[in-house]
Amino acid sequence: MALSDDELKAAIIEKAKKAPKPQLYIKDFYKCDPDTKPRAIKNMANLLVREGELMFWSSGSTTMYARPDRIKNEEGDEGVN
Amino acid sequence: MAKHDTPLLDELESGPWPSFVSDIKRQAEKNPDCWDILGQLELSYKEKITHWKHGGIVGVFGYGGGIVGRYSDLPKMFPGVEHFHTVRVNQPASKYYSTENLRGICDLWEKHGSGMTNMHGSTGDMVLLGCRTEALEPFFWDLTHGMGQDLGGSGSNLRTPANCLGQSRCEWSCYDTEETCHHLTMHYQDEIHRPAFPYKFKFKFSGCPNDCVAAIARSDVAVIGTWRDDIRIDQAAVKEYVAGNFASNGGSHADGDWGAFDIQKEVIDLCPTECMWMEGGELKIDNAECTRCMHCINVLPRALRPGAQQGASICVGAKAPILDGAQFATLIVPFMEISADNEFENLIDFIETIWDWWMEVGKNRERVGETMQRVGLPTFIKVMGIEPIPQHVREPRSNPYVFWQDEEVPGGFERDVQEFRKKHAA
Ligand code: HEM
Ligand code: HEM
Ligand code: SF4
Ligand code: SF4
């Protein structure tokens with residue numbers, strides 16, 4: 001049984017709060033609910049960005065997701081466009 | 001007046017070719033921030049290390065792509081490039097502009113950014129180089145509301161699709177590359193503007209195997225026009241070429257003295273599959289052997305044309321050399337009809353089958369071509385629901401093993417791996 005939208009939202013937020021690193025790949029959220037299709041999880045993560053619960057963090061080539069309060073500055077990682 | 005001494009960069013102005021150093025100096029006379037680009041670059045040449053930091057949170061509201069954040073790690077020394085974000089603007093299909101539009105873009109960028117551009121980035125977008133974070137929203141407002149244009153893709157998004165100019169100017173185009181590119185760009189707006197995948201994903205559209213957008217080298221899905229019937233031959237025109245009355249290659253090499261045109265040497269002997277010959281004054285082609293390389297058509301454009309049954313070959317998995325070196329795309333579908341009549345349904349189904357699989361199986365920062373390589377082509381074509389065909393084979397067998405699935409063997413077979421592993425540990 002796939003999680004309901006609200007349960008999925010809560011699980012994604014929880015994961016973003018607890019993960020050891022503040023930035024998460026979209027794939028890290030797949031594990032929140034193995035019964036929901038990756039594209040549906042992506043859509044939910046992007047909705048959470050619009051709602052301000054998550055933010056995008058991009059190196060230029062790869063985009064990650066983070067809780068805004070866990071990101072302090074604008075330091076980059078390795079990577080290319 | 002130059003703000004920094006740049007002896008190393010100045011050397012790059014001494015050659016006979018155009019120099020980006022001269023360009024930046026010229027722009028710096030207008031926008032003094034640009035002196036700091038030169039200053040920082042000179043320092044990097046001296047220290048042999050970059051002073052750009054990158055990554056972060058810049059963007060415009062509602063979008064998760066289109067802007068690539070860049071900062072100087074020496075903002076005190078080079079305040080003009082403290083923030084130096086790159087903006088990607090979705091180019092019009094085939095890069096047709098009016099000069100009015102180009103002036104508009106340039107004026108907008110002088111107003112909000114450094115004024116420096118890179119036309120075009122290798123993704124295809126117009127690339128506007130260098131602005132501060134607080135300039136982004138006002139720029140975006142003017143771009144969308146004033147010019148009716150939009151950002152392109154970056155990060156883990158679908159990247160701005162690109163196409164050759166196709167049927168708008170080129171008689172060889174085997175499908176409407178512009179309509180296809182435009183339709184898919186509009187269809188996938190969400191994927192272009194917001195991250196959708198484990199990593200970047202690109203598709204590009206060329207109208208024929210000349211592949212003027214280099215789709216096969218640069219895109220995860222390359223849609224390359226082709227034909228499935230015979231090359232159309234006008235034998236009277238062949239005779240004119242042989243007699244030297246028509247310039248070969250449309251006259252493109254007419255400035256050199258290459259001697260008289262020799263169809264044997266310049267066409268037939270260069271056919272990669274050796275499938276052409278002259279017979280009774282006529283040019284013959286064994287079309288079953290033709291690999292659609294375009295060479296003969298390029299040399300004899302008035303005599304030869306692509307066949308009339310037109311569509312595209314779909315190749316998957318090209319990438320640039322970050323990990324494991326560069327890789328061309330692999331042929332997956334030799335012929336697909338590409339038509340606006342069904343809103344490109346076959347192509348869209350194909351793309352989404354890849355996405356559903358790659359999003360699940362692909363690792364973080366793994367291009368689909370790398371995922372394919374990891375699982376092997378037989379597994380990939382099975383995922384795509386495609387029957388193996390000779391065109392999938394690059395060379396005669398180098399792998400002596402054949403693996404059968406139970407449904408492929410009469411009577412099938414049952415195998416309980418767990419039961420087996422009890423006796424034979426893996
Ligand atoms: C006409 C007779 C034979 C043919 C056509 C034949 C063919 C082959 C082929 C195609 C391979 C695979 C090579 C590869 O991995 O690329 C192979 C491997 C092998 N063959 Fe034969 N073979 C023959 C006779 C024999 C006999 C008589 C023996 C032993 C008494 C033998 C022992 C082996 C072994 C041990 C291997 C594995 C070698 C390895 O993996 O390094 N073969 N053979
Ligand atoms: C149905 C029976 C058998 C099958 C299907 C079979 C299959 C294979 C295969 C697929 C390999 C290559 C494995 C690899 O390269 O990783 C292999 C290797 C080998 N097999 Fe068998 N085999 C069978 C029976 C036997 C028997 C009965 C013997 C000897 C009494 C034998 C001796 C060998 C040897 C010496 C090798 C080479 C091992 C090596 O190169 O490291 N096989 N066999
Ligand atoms: S790829 Fe082919 S169809 Fe497109 S512009 Fe080049 S030659 Fe013409
Ligand atoms: S297109 Fe290429 S392979 Fe085909 S006949 Fe012409 S030269 Fe030969």
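Predicted model only: the values in this text are computed from it and were never measured.

**Concerning the nonpolar core**
At step 1: Counting residues in hydrophobic clusters, the biggest one holds 54 residues, and the most contacted among them are Phe29(A), Phe201(B) and Phe203(B).
At step 2: Sorting elements by how many residues they give to this core places helix α12 (residues 345–361) of chain B first, with nine residues.
At step 3: Those residues in contact with Phe29(A), other than ones at most four positions away along the chain, are Ile12(A), Lys15(A), Ala16(A), Leu24(A), Ile41(A), Ala45(A), Leu54(A) and Tyr65(A).
At step 4: Of all hydrophobic cores here, the second largest spans 26 residues; its members include Cys174(B), Cys208(B), Ile263(B) and Leu304(B).

**What about the pattern of salt bridges?**
At step 1: A complete count under the given rule lists 21 salt bridges over all chains for this structure.
At step 2: Connected through salt bridges with shared partners, the residues Arg39(A), Lys42(A), Asp190(B), Glu191(B), Arg194(B) and Glu352(B) form a single ionic network.

**Quick notes on the confidence of the model for chain A**
At step 1: Across chain A, pLDDT averages 84, with 88% of residues at or above 70.
At step 2: pLDDT under 50 marks residues 74–81 of chain A. Its contacts with residues more than four places away, or in other chains, come to 31 contacts.

**Comments concerning the sheet that holds strand β5 (residues 116–119) of chain B**
All names here are of chain B.
At step 1: Ordered by their spatial adjacency, four strands build an open sheet running β2-β4-β6-β5, and the pairing between neighbours is antiparallel. What marks the edges here is a single partner per strand, and that holds for β2 (67–68) and β5.
At step 2: Here two bridges tie β2 to strand β4 (residues 86–89), and the two strands are oriented antiparallel to one another. Looking at β4, one finds that Ile67 is bridged to Val87.

**Focus on the interface of chain A and chain B**
At step 1: Tallying the contact residues gives 31 residues for chain A and 36 residues for chain B.
At step 2: Carbon and sulfur atoms supply 48% of the area buried between chain A and chain B, which totals about 2,900 Å² over both sides.
At step 3: Counting across the interface, chain A meets chain B through five salt bridges.
At step 4: The partner of Glu191(B) in a salt bridge is Arg39(A), and the shortest N-O contact between them spans 2.9 Å.
At step 5: Taken together, chain A and chain B are joined by eight residue pairs in polar contact (both at pLDDT 80 or more).
At step 6: Of all the secondary structure elements, the ones that give two or more residues to the side of chain A that touches chain B are α2 (26–30), α3 (38–50), β1 (55–58) and β2 (63–66) of chain A.
At step 7: The greatest single-element share of the side of chain A that touches chain B, amounting to six residues, is contributed by α3(A).

Calculation criteria
Residues numbered from 1 in each chain as written. Chains lettered and ligands numbered in written order. Predicted model: local features only at pLDDT ≥ 70, side-chain atom pairs only at ≥ 80, totals over all residues. Heavy atoms only, no water. Core = buried A, V, L, I, M, F, W, Y, C linked by side-chain atoms within 4.5 Å. Buried < 20%, exposed > 50% of the residue type's maximum accessible area, 1.4 Å probe, protein only. Helix = DSSP H or I, 4+ residues; strand = E, 2+ residues; numbered from the N terminus. Contact = heavy atoms within 4.5 Å. Salt bridge = Lys/Arg side-chain N within 4 Å of Asp/Glu carboxyl O. pLDDT = per-residue confidence, 0-100. Pairing = 2+ DSSP bridges. Buried area = accessible area lost by both parts, 1.4 Å probe. Polar contact = N/O pair within 3.5 Å; in protein donor to acceptor, adjacent residues only side chain to side chain.

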